[in-house]
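Coordinates in review
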Number of protein chains: 2
Amino acid sequence: MGLSPTTVSRLPVYLRELELLSQAGVETISSTGLAEVVGVTPSQLRKDLSHLGSYGTRGVGYHIAGLQAQIGRELGTARGWPVVIIGVGNLGRALAGYAGFSSRGFRIAALVDPDPAVIGTVVHGVEVSDLAELEAVITRTKATIAVLATPPAAAQSVVDRVVHQGVTSILTFAATVLAVPDGVIVRKVDLGQELQILAYYEQRKSEEVVR
Amino acid sequence: MGLSPTTVSRLPVYLRELELLSQAGVETISSTGLAEVVGVTPSQLRKDLSHLGSYGTRGVGYHIAGLQAQIGRELGTARGWPVVIIGVGNLGRALAGYAGFSSRGFRIAALVDPDPAVIGTVVHGVEVSDLAELEAVITRTKATIAVLATPPAAAQSVVDRVVHQGVTSILTFAATVLAVPDGVIVRKVDLGQELQILAYYEQRKSEEVVR
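Residues numbered from 1 in each chain as written. Chains lettered and ligands numbered in written order. Predicted model: local features only at pLDDT ≥ 70, side-chain atom pairs only at ≥ 80, totals over all residues. Heavy atoms only, no water.

Here we take up helix α2 (residues 31-38) of chain B. Residues and elements named next belong to chain B. All buried positions along α2 are accounted for by Ser-31, Leu-34, Ala-35 and Val-38. The buried residues of α2 occupy an angular sector of 100° when projected down its axis, which confines them to one face. The elements touched by buried residues of α2 are α1 (5-23), β1 (28-29), α3 (42-51), β2 (62-63) and α4 (64-75). Once α2 ends, the next one or two residues include Gly-39, with phi positive near 90°. (Buried < 20%, exposed > 50% of the residue type's maximum accessible area, 1.4 Å probe, protein only. Helix = DSSP H or I, 4+ residues; strand = E, 2+ residues; numbered from the N terminus. Arc of directions from axis to C-beta. Contact = heavy atoms within 4.5 Å.)

Take a look at the structure:
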């Protein structure tokens, strides 16, 4: 049985907070305590974790190491998923060097860019391949996850090519609509939206001062 | 009355889809149609928008231009909020050049970095200031929103300094826990979590093949 999308989207958050607790030397935590650090209600937390078959122990709570292993298995984080990053501008470079990818079980298998000045250079230990050879790169690396850090205008043609080559998960930073066939999952990261959420609260604060 | 955090987090998504529809020449849309492009249920959409006092018209739906203006006002996007970006590595540079910030009513008022080789250079039209002068930069720009693109180890000390100077909203890319006083809002962007969500679906697909 599959988990609901909202439960899936919370699992990495749980995993991350468990890692921080573990690093701090904490061994067990109550559902209330874990819910608080994660920012969900205790009942939501218990429900999410019960879907994984994890119920905690009355009076003890959850064993952090066990819960980490269980969520990690569910997310497949031990697999070293090969990821191809397309677009090696500032954003692509930042992503290539992002420690959070490797610590979460991902491996930057290839970097791809169309710029002759960039092709062949080594970025964070990976040589940049020519965008013209994208199909061969995907075949060679067996990447099923692609990260798009291209300009918006280039995004759809890149998506068409990677999907044709068997990529089924796409993380995109390009602020544009992407058409993909059924079965391909696209997650958009829109940094402007995050700022807009902050602006809402800023606006409310300034209104409160005026009133 | 304030909106719930989950409603607030959806408003930028609504606004963005309305912009795309508007660019495509669409003038009105039914709640069902808008809900579908946004990816929520129609009842959720109607509830969210009713909090803004927007109910649509039976048989017509929502007027896109009007709804855009209304959500924009709620989010304060017309204000040109000054934002300071701290950390001018690859990520900070990518953020400084990110078109989605200016199109959503934000203005990169300052870039700050401790590296003498970077201080004084101009990145996307903004001269990089010395981190040592962070307090003066915030006073001068009146920024109340800070974007942290620093290494994790530097993040807390930067946060303490900006908060002391009156910054009340922080968007952080640093994968670390940040302590802030009440009333300061922190939003974390964790790019590794986005990949983990994709990995969950990849894992399920490969299990289905095996079964």
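All right, on to the domain arrangement of chain A then. Residue and element names in this part refer to chain A. Looking at chain A, the domain boundaries give domain 1 (5-77) and domain 2 (80-192). In this structure, domain 1 and domain 2 have C-alpha centres spaced 30 Å apart. Domain 1 puts four residues into the contact, and the matching count from domain 2 is four residues. Both sides of the domain 1 and domain 2 interface together cover about 360 Å² of buried area, and 35% of this is carbon and sulfur. Ranking the residues of domain 1 by area buried against domain 2 places Arg-16, Gly-76 and Thr-77 at the top, with a combined share of 68%. Taken together, the links from domain 1 to domain 2 amount to zero salt bridges. At the junction of domain 1 and domain 2, the tally comes to zero residue pairs in polar contact (both at pLDDT 80 or more). Looking at the side of domain 1 that touches domain 2, its residues break down into one nonpolar, two polar and one charged. (Domains from an automatic or database assignment. Buried area = accessible area lost by both parts, 1.4 Å probe. Salt bridge = Lys/Arg side-chain N within 4 Å of Asp/Glu carboxyl O. Polar contact = N/O pair within 3.5 Å; in protein donor to acceptor, adjacent residues only side chain to side chain. Nonpolar A, V, L, I, M, F, W, Y, C, P; charged D, E, K, R; others polar.)

Let's shift gears to the pattern of salt bridges. This model, assessed by the stated rule, comprises eight salt bridges over all chains. Between Asp-48 of chain A and Arg-10 of chain A there is a salt bridge, with its nearest N and O atoms 2.7 Å apart. On the criterion of sequence distance, the pair formed by Asp-48 of chain A in helix α3 (residues 42-51) and Arg-10 of chain A in helix α1 (residues 5-23) is long-range, its members being 38 residues apart. Taking the relative accessible area as the measure of exposure, Arg-10 of chain A reaches 19% and is therefore buried. A salt bridge links Glu-17 of chain A to Lys-188 of chain B; the nearest nitrogen and oxygen atoms lie 3.6 Å apart. Residue Glu-17 of chain A is found in helix α1, and its partner Lys-188 of chain B is found in strand β9 (residues 185-188); the two belong to separate chains.

Next up on the list: the pairing of strand β4 (residues 106-113) of chain B. Residue and element names in this part refer to chain B. Of all eight residues making up β4, seven are buried, and the element is well covered by its neighbours. In the sheet, strand β3 (residues 81-86) pairs with β4 via six bridges, with the strands oriented parallel. Directly across from Val-84, in β4, lies its bridge partner Ala-110. Taken together, the three bridges between β4 and strand β6 (residues 126-130) define a ladder with parallel strand orientation. (Pairing = 2+ DSSP bridges.)

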